[in-house]
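Understanding the architecture of this molecule
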Amino acid sequence: MLKLPIYMDNHATTPLDPRVLETMMPYLREDFGNAASRNHAFGWKAEAAVEKARKQVAELIGASDKEIVFTSGATESDNLAIKGVLEFYKSKGDHIITLKTEHKAVLDTCKRLERVRQERLDELKLLRLSQLADRDVQPEELAELASRHDIENDPTYRKWAELPTGGARVTYLDVEADGRVSLEKLAAAMTPRTVLVSIMFANNEIGVLQPVAEIGKLCREKGVLFHCDAVQGIGKVPFDVEAMRVDLASITSHKMYGPKGVGALYVRRKPRVRLAPLVDGGGHERGMRSGTLNVAAIVGFGAAAELARTELEAEAQRLTRLRERLRTGIMEQLDMTVVNGSLEHRLPGNLNISFSYVEGEALMMAIKDVAVSSGSACTSASLEPSYVLRAVGVEEDMAHSSIRFGLGRFNTEEEVDYVIRLMVDKVRKLREMSPLYEMAKEGIDLKSIEWTAH
Amino acid sequence: MAYSDKVIEHYENPRNVGTLDKNDPNVGTGLVGAPACGDVMRLQLKITDEGVIEDARFKTFGCGSAIASSSLVTEWVKGKTVDQAMTISNKDVARELALPPVKIHCSVLAEDAIKAAIEDFKKKRATRQQP
Ligand SMILES: Cc1ncc(COP(=O)(O)O)c(C=O)c1O
Ligand code: FES
């Protein structure tokens with residue numbers, strides 16, 4: 001029996017697997033000890049459970065358990081990897097290379113580091129201009145005096161500016177039309193001051209897989225550390241930190257049928273990668289992440305990782321089949337639909353389609369019993385369409401028309417067939433209501449019209 | 001974001017969806033918005049020589065609130081004179097549909113569409129009256 005509503009938004013989060021919940025329950029009840037309590041059985045039991053989970057997570061990615069740092073999730077892992085590396089290796093350089101299609105946890109971390117650097121440079125300019133002008137220069141005068149004294153070419157300022165600023169310079173690489181990075185462009189962006197490349201494994205909107213092994217090889221050759229936000233791909237597609245030469249990897253439990261609020265950062269031991277912690281305190285997680293461990297959640301995360309590892313192959317096959325059924329079912333019946341991003345290099349459960357001449361939020365409202373998401377601006381507080389779709393060259397109107405389906409462990413063929421029927425019916429209805437569809441059918445070139453943009 | 005009952009009601013049962021003959025001298029067509037912004041509204045009004053709106057049709061590419069706003073104004077303008085219709089403001093639409101702040105621009109589009117359709121009708125009539 002088909003049960004409504006249907007959840008098909010597994011890139012946002014996944015349901016907790018009942019088998020995972022089972023393993024967690026004792027640690028929410030009688031086994032409540034603090035894993036850092038060294039002197040009684042409650043602590044030992046908690047510690048043993050955490051260490052078991054650490055092994056389970058490590059095994060999923062081909063790491064050793066000593067390389068796993070538990071965090072509150074991938075946002076924290078991304079922050080820790082990027083800020084931690086930048087701070088620790090500041091004498092070596094301050095340049096980061098990342099992609100325009102990364103998750104905000106990476107992009108906004110990079111933007112903050114750029115801002116920190118800019119503020120530091122402005123302070124140095126003020127200081128130097130005060131020396132040159134032999135008076136106390138005020139921030140308002142900075143722009144004018146900087147050009148009068150040609151500060152950028154002042155040898156003293158230039159020397160100061162080369163010192164570590166606590167921030168970073170960042171290159172945001174474009175991706176190709178299929179959503180993947182070009183290795184030549186990546187290599188060309190590297191400078192002697194590049195310390196970190198941060199490129200994701202699988203994209204959260206279009207599911208496109210980056211050539212992680214090739215990126216890892218290139219970074220190793222160039223002596224640059226490689227951080228990979230592997231959140232969406234881990235447990236769905238094989239990921240091995242040794243084979244792929246990844247130095248740091250962000251993982252989160254709630255995208256692989258574990259509980260929310262727990263994740264990990266993989267930190268390579270050989271050759272050793274060092275980090276400055278973001279959170280100081282009791283020195284948990286070998287000093288890299290202080291704070292009492294969330295034992296029950298970590299246990300669930302471990303169990304989820306083990307299930308993901310043992311079921312990966314069968315599940316990947318099943319999801320690929322369901323995804324193709326959904327894709328062909330929709331596209332055979334509806335004209336003017338486009339898949340966004342590479343179909344070949346893609347997560348099994350991801351389908352991102354633009355339905356021309358229909359707006360995404362209206363479409364989601366029409367299929368309200370099916371949970372999906374859209375790159376339309378109408379669904380975002382910023383009223384900007386998805387930056388990921390824009391980065392892969394999707395036109396704005398097509399970005400507004402996009403729907404992301406995220407198939408997961410608990411979706412069935414029956415659900416997929418229901419969604420196909422519903423989508424086809426609702427897209428047709430909305431197109432009947434769309435002036436653009438009518439105009440396109442009449443052969444009017446929509447680009448030739450002077451729209452009253454507002 | 002949760003939608004108001006009135007938005008849902010209009011969205012699920014939109015009134016007056018369709019197309020009028022744009023070459024009819026008594027039909028004014030307003031096409032506002034832009035595909036790149038995610039919203040395009042086309043409102044057509046059939047206006048008698050006495051200046052009374054006797055029919056209205058719309059087609060909209062946009063979110064549910066934009067579709068509901070269009071549907072609502074087609075109901076409102078019918079039977080009104082051109083001058084009365086010109087006084088309908090986006091605030092009336094937003095209030096009636098209980099639109100949240102991020103959806104106000106959808107109601108602005110509806111107001112603009114009425115004005116654009118009437119403008120088009122007046123232009124047509126002016127050219128017709130030229131000897
Ligand atoms: C690619 C990617 N990175 C990071 C995150 C953030 O993960 P978390 O929710 O665990 O902080 C997400 C989840 O939205 C994601 O999809
Ligand atoms: S049309 Fe975009 S928010 Fe209404």
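Numbers given for residues are sequential positions, taken from 1 along each chain in its written order. As a convention, the first chain written is A and the first ligand written is 1, with the rest following in written order. Restriction of local features to residues with pLDDT of at least 70 applies here, the model being predicted, together with a cutoff of 80 or more for giving and counting side-chain atom pairs; totals for whole chains, interfaces and linings are based on all residues. The basis for the side-chain values is all heavy atoms of the structure; hydrogens and waters are excluded.

So, the pairing of strand 5 (residues 194-198) of chain A
On a regular strand, each side chain points to the face opposite its neighbour's, so the side chains alternate between the two faces of the sheet. All names here are of chain A. Applied cut-off: The buried label goes to any residue with under 20% of its type's maximum accessible area, the exposed label to any with over 50%, and the partly exposed label to all in between, with areas taken from a 1.4 Å probe on protein chains only. Counting from the N terminus, the helices are the DSSP runs of H or I reaching at least four residues and the strands are the DSSP runs of E reaching at least two. One bridge is not enough; two strands pair if DSSP finds at least two bridges between them. When the strands point away from the viewer and the path from the first strand over the helix to the second turns clockwise, the crossover is right-handed.
With five of its five residues buried, strand 5 lies for the most part within the structure. The pairing of strand 3 (residues 95-99) with strand 5 spans four bridges and is classified as parallel. Across the sheet, the residue bridging to T98 is S198, located in strand 5. When strand 5 meets strand 6 (residues 225-229), the two strands line up parallel, connected through three bridges. From the neighbouring strand, V197 faces strand 6, where its bridge partner is F226. In this region the chain leaves strand 5, passes through helix 8 (residues 212-222) and returns to the parallel neighbour strand 6; the handedness of that crossover is right-handed.

Considering the site of ligand 1
Residue and element names in this part refer to chain A. For the record, the criterion: Whether a residue is near a molecule or strand depends on its heavy atoms: it is near if one of them lies within 4 Å of it. Pairs of N or O atoms are called polar contacts if they sit within 3.5 Å, as long as, within protein, a hydrogen donor faces a hydrogen acceptor (for residues adjacent in sequence, only side-chain-to-side-chain pairs). Here the accessible surface of atoms and residues is derived via Shrake-Rupley with a 1.4 Å probe, and residues count as covered only by protein chains that are part of the display.
The immediate surroundings of ligand 1 are formed by 13 residues, with T75, D229, Q232, T252 and K255 found nearest. A distance of 2.6 Å separates an oxygen atom of ligand 1 from a polar side-chain atom of T252. For ligand 1, the protein covers 85% of the area, taking 400 Å² as the surface of the free molecule. Examining the composition of the shell around ligand 1, we find that three residues originate from one element, helix 3 (residues 74-88), more than from any other.

Overview of the environment of F239 of chain A
Residue and element names in this part refer to chain A. As a reminder of what qualifies: Contacts are assigned to residue pairs that have any heavy atoms within 4.5 Å of one another.
Position of F239 relative to the elements: it lies in the loop between strand 6 and strand 7 (248-252). F239 gets classed as buried once you look at its relative accessible area, which sits at 6%. As a C-alpha pair, F239 and V299 span 60 residues in sequence and 21 Å in three-dimensional space. If we skip the residues at most four places from it in the chain, F239 touches L60, I61, F201, V212, C228, A230, I234, M244, V246 and A249.

Structural notes on the interface of chain A and chain B
Rules: By salt bridge we mean one thing: a side-chain nitrogen of Lys or Arg within 4 Å of a carboxyl oxygen of Asp or Glu.
The partner chain B presents 31 residues to the 28 residues of chain A that form the contact. Where chain A packs against chain B, one counts four salt bridges. The salt bridge involving K368 of chain A is made with E12 of chain B; its shortest N-O contact spans 3.2 Å. Scanning the region where chain A abuts chain B turns up 13 residue pairs in polar contact (both at pLDDT 80 or more). Those elements giving two or more residues to the side of chain A that touches chain B turn out to be helix 10 (360-366), helix 12 (396-400), helix 13 (413-432) and helix 14 (435-441) of chain A. Counting residues per element, the side of chain A that touches chain B draws most heavily on helix 10 of chain A, at five residues.

Focus: the sheet that holds strand 1 (residues 27-34) of chain B
All names here are of chain B. Which entries qualify depends on this criterion: Whenever a helix is involved, its axis is fitted only over the stretch in contact; in every case the axis is a line through C-alpha atoms, and angles between N-to-C directions fall within 0 to 180 degrees.
Reading across from one edge, 1-2-3 is the order of the three strands in this open sheet, with antiparallel pairing throughout. At either margin of the open sheet sits one strand with a lone partner, and together these are strand 1 and strand 3 (53-61). Strand-to-strand twist of the sheet, defined as the mean angle between neighbouring strand axes without regard to direction, takes the value 10 degrees. Sheet topology note: the strand 1/strand 2 (residues 39-47) ladder contains eight bridges and is antiparallel. Counterpart to A34 in the pairing with strand 2 is D39. Together, strand 2 and strand 3 form the strand contacts of helix 2 (residues 64-77), whose direction differs from that of strand 3 by roughly 175 degrees.

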